Every structure is written in structure tokens, then in C-alpha cells.
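What follows is the residue order along each chain.
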Amino acid sequence: MNRKDFIKSASLLAGGAAIAPAAVRANPAFAKRTGNVMKLKKGVGFGMIKEDLPLVDKFKLAKDLGFDGIEFNSPVEFSIKELMDARDKSGIVIPSVVNKDHWSKPLSDPDASVRQFTIDSVATSLNDVKELGGDTVLVVPGVVNEKVSYEIAHKNALESVRKLIPHVEKTGMKIGLENVWNNFILSPIEAKQFVDEIGHPLIGWYFDIGNILRYGWPEHWIETLNTRIVKLHAKEFSRKKMNDEGLWKGFEVDLLEGDNNWPIVMKTLKEVGYKGEWLTVELNGGDRDYLQKVSGQLDRIFSL
């Protein structure tokens, strides 16, 4: 399939998926027939599993604690064969990976060789996640700092992500751009425009619900990004702890005990018709008891 046909086909699929929310609003009977139910699965970052266990037993532990998937950093430190073996023996899947080079060597860097390094790294991550049976690679699009202006970062980030389109189309995998504290893409409208300017159906947003609380409200971002959201990260944040104890202390709060208005967040996700399935926790790690608590907190969030 050539690129033109690929984009046309994917766009038709995306357009069809977008019809449902409008139909639900217009026709309650349609909502009842389709269920209009947001299907969610629980994911956990591999680095959160702090029990001293062999790889396959870490997979089995996560499964026993109620998680459906494990997210890895990529390029992965294990062999693909090891990961597939652990996946198959445990029954837990690997839905997504996080590229591990996009922060130290940003796609927005003024040095073209640095940008190319991470373009190649993300290409490897796309191949990794395809082999592992997942569908999404998380990528930070750029970093603004005292040496890299906003305008330069924007130009370079767009150019770099566009260079990844052939790799996306070759693998059929998605890129999810994530919001982090990178001084870049600081409003939901800008985030929407950035994705729309790239204009590819397999490049969207990997939205981190907790990261945004420093300077916004997640439900506002979800409303604006809408069907551009391909995956979700869950963490908590307390503005009071940030103000009283220091910026990064804001993250030191359990799920459901920070400033996320989870009932509103979940309501908004349902309203926009989130189809990415996964809500993956990205928190400090811990032992079996800690992970069991986190799994239960996710259950409570899912029930809202």
C-alpha cells in the first residue's frame, strides 16, 4: 500500500470511530445499543515492580495483582525473545513502550546529528513494540531550555516527527507524544495544533493526566485533544505539596489523594470516546503490597 492509500484508509477508519460520540449525543437509543462504555485496561511500568524476581515472575506478579499490561522503556534492555516468553507464560501483554532517548537527546535539539540519533532510536522502538505485540511508542516531542528557544524547538520537533512517518507507516505502529515538564507545548490548543500540523492518523497524544496539574486541568486537555489521545498515563499531583514543600514534592501523593478530579476526568474521557483502552500508572515503584494498593486505586478510578 502506498502512502497516499495508507493515509486515506486510516483516515476513513478514524473518521468512522469519530461518528459514535455524535450519534450517542443525538440518539440515546444508539447509546444503549452500543453501550457507550469506555473499556479500560490497567497497565504498570516495568520499573515500578521492585520485587527481586526473575523476569517471568515479575510478569506473573503483575498479572496476579490485577494488571493487564506492562510498559517497558525502549530500546529494550532484554531480548525480544525473553520478553515474548515472559508475556506468553504469564498472559500479560506489552501494549506500549517508552522511548528512552528522547529526553537526553531531544528531537528538538539544534544539532541535526542529535536529532537523527533519536529518530533512529524511535524507529527501533517502533519495531520493538510491533514484535512485542503492542501498538504505541511514547515520545517526548521536544525540550525548551535556556539554550534552545521555543521557536527553534517547535520547528525542529515538527521536522523530526515528520521524519518518523515512514517508520510509522512501515510498522503500522502509533507514536504518542507526551506532555512532560519540558517547557514546550504548554496548552491543550497548542497540543492539538501540533498533532494536526503533522496530520497523520497514527501520530497522536500519549496524555499524562498527572503531569498537567502543575499548570492546568486534565479534563480541559482531554476535551480539546479528544480523539487525538492514543494512550493515557496516570499519576497524581498535589499543588499544595508543591507550594509548601517544593516543586517535585507534588508527585509524592497517592492516587485519589491529590488534585485530580477523577470523576470529572473519567466523565470527560467517556464523552470524547477514548478508544486507547489503556490507563497505565507511572509512579514510584514498590513491593507486592504497594503494587496491590495501586491496582486497587485504579479499580476505584475505573468505577467512577
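One can find the structure itself at the top, above this paragraph.
In what follows, the accompanying structure is described. Numbers given for residues are sequential positions, taken from 1 along each chain in its written order. For this predicted model, a pLDDT threshold of at least 70 governs which residues receive local features, and a threshold of 80 or more governs which side-chain atom pairs are given and counted, while totals over whole chains, interfaces and linings are taken from all residues. For the side-chain quantities, the full set of heavy atoms in the structure was used; hydrogens and water were omitted.

## A look at the side chain of Ser74
Inference 1: Helix numbering and strand numbering both begin at the N terminus, where a helix is a DSSP run of H or I of at least 4 residues and a strand a DSSP run of E of at least 2. As for its placement among the helices and strands, Ser74 is situated in strand E2 (residues 69–74).
Inference 2: Contact criterion: two residues are considered in contact whenever any of their non-hydrogen atoms come within 4.5 Å of each other. The residues contacting Ser74, other than those within four sequence positions of it, are Val97, Val98, Asn99, Lys100, Ser125 and Asp128.

## Here's the deal with the sheet that holds strand E8 (residues 278–281)
The strands that make up a sheet are held in pairs by hydrogen bonds between backbone atoms, and each pair lies either parallel or antiparallel.
Inference 1: Two strands form a pair only when DSSP identifies at least two bridges running between them. Pairing in this closed barrel of eight strands is parallel, and the strands run E1-E2-E3-E4-E5-E6-E7-E8 around the ring. Recorded for the sheet is a direction-independent mean angle of 30 degrees between the axes of neighbouring strands.
Inference 2: Only the contacting stretch of a helix is used when fitting its axis, a line to C-alpha atoms as for every element, and angles between N-to-C directions run 0 to 180 degrees. Running at roughly 135 degrees to E2, helix H3 (residues 55–64) makes contact with strand E1 (41–45) and E2 of the sheet.
Inference 3: Together, E2, strand E3 (96–99), strand E4 (136–139) and strand E5 (174–178) form the strand contacts of helix H5 (residues 112–131), whose direction differs from that of E3 by roughly 165 degrees.

## Quick word on the layout of surface pockets
Inference 1: Lining residues are those with an atom within 4 Å of a point, where the points come from a 1 Å grid over the protein atoms alone and group into cavities, where a 1.4 Å probe fits but cannot get out, or pockets, open sets with protein on both sides within 12 Å along at least five of seven lines. Grid points are joined across faces, edges and corners, and a volume is the space filled by probe spheres set on the points. A volume near 1,000 Å³ is recorded for the largest pocket.
Inference 2: In this structure, the largest pocket is lined by 37 residues; those nearest its centre are Met48, Lys235, Glu282, Leu283 and Asn284.
Inference 3: Elements that contribute at least two residues to the lining of the largest pocket include exactly E2, E3 and helix H12 (288–302).
Inference 4: When residues are grouped by polarity, Ala, Val, Leu, Ile, Met, Phe, Trp, Tyr, Cys and Pro land in nonpolar, Asp, Glu, Lys and Arg in charged, and all others, Gly among them, in polar. Class assignment of the residues belonging to the lining of the largest pocket gives a composition of 19 nonpolar, nine polar and nine charged.

## Regarding the pairing of E1
Inference 1: Along E1, four of the five residues are buried, which leaves the element largely enclosed by surrounding structure.
Inference 2: Looking at chain direction, E1 and E8 are connected through four bridges and run parallel. The residue bridging Val44 from the neighbouring strand is Val281, located in E8.
Inference 3: As paired strands, E1 and E2 are joined by three bridges and run parallel to one another. Bridge pairing in E2 places Gly43 opposite Gly69.
Inference 4: Crossovers are described as right-handed under a simple rule: with the strands pointing away from the observer, the path leading from the first strand over the helix to the second runs clockwise. The parallel pair E1 and E2, bridged by H3, forms a crossover whose chirality is right-handed. Each residue gets one of three labels from its accessible area relative to the maximum for its type: buried under 20%, exposed over 50%, partly exposed in between, using a 1.4 Å probe on protein chains only.

## Details of the nonpolar core
Inference 1: Note on terminology: a nonpolar core comprises buried Ala, Val, Leu, Ile, Met, Phe, Trp, Tyr and Cys residues joined through side-chain atoms within 4.5 Å. Of all hydrophobic cores here, the largest spans 72 residues; its most connected members are Phe67, Phe72, Leu177 and Phe207.
Inference 2: For this core, the leading source of residues is helix H11 (residues 262–272), giving five residues.
Inference 3: If sequence neighbours within four positions are ignored, Phe72 has contacts with Phe46, Leu55, Phe59, Phe78, Leu83, Ile94, Ser96, Val97 and Val98.

## Quick word on unusual backbone geometry
Inference 1: The omega torsion across Ser74 and Pro75 is 5 degrees, close enough to zero to call that bond cis.
Inference 2: Considering the arrangement of structural elements, one finds Pro75 in the loop between E2 and helix H4 (80–90).
Inference 3: Positive phi, normally seen in glycine, also occurs at Asn183, with a value near 60 degrees.
Inference 4: Turning to its location among the elements, Asn183 is positioned in the loop between E5 and helix H8 (188–198).
Inference 5: Residue classification places Asn183 among the partly exposed residues on the basis of a relative accessible area of 43%.
Inference 6: Positive phi, close to 55 degrees, is recorded for Ile185, a residue that is not glycine.
Inference 7: You can see Ile185 is positioned in the loop between E5 and H8.

## So, H5
The α-helix winds at 3.6 residues per turn, so residues separated by three or four positions along the chain end up facing the same way.
Inference 1: Spanning 20 residues, H5 covers 29 Å between terminal C-alpha atoms, matching the ideal 28 Å at 1.5 Å per step.
Inference 2: Buried within H5 we find Val114, Arg115, Thr118, Ile119, Ser121, Val122, Ala123, Ser125, Leu126, Asp128 and Val129. Here, expected helix span is obtained from the residue count minus one, scaled by 1.5 Å.

None of this, on its own, says anything about what the molecule does.
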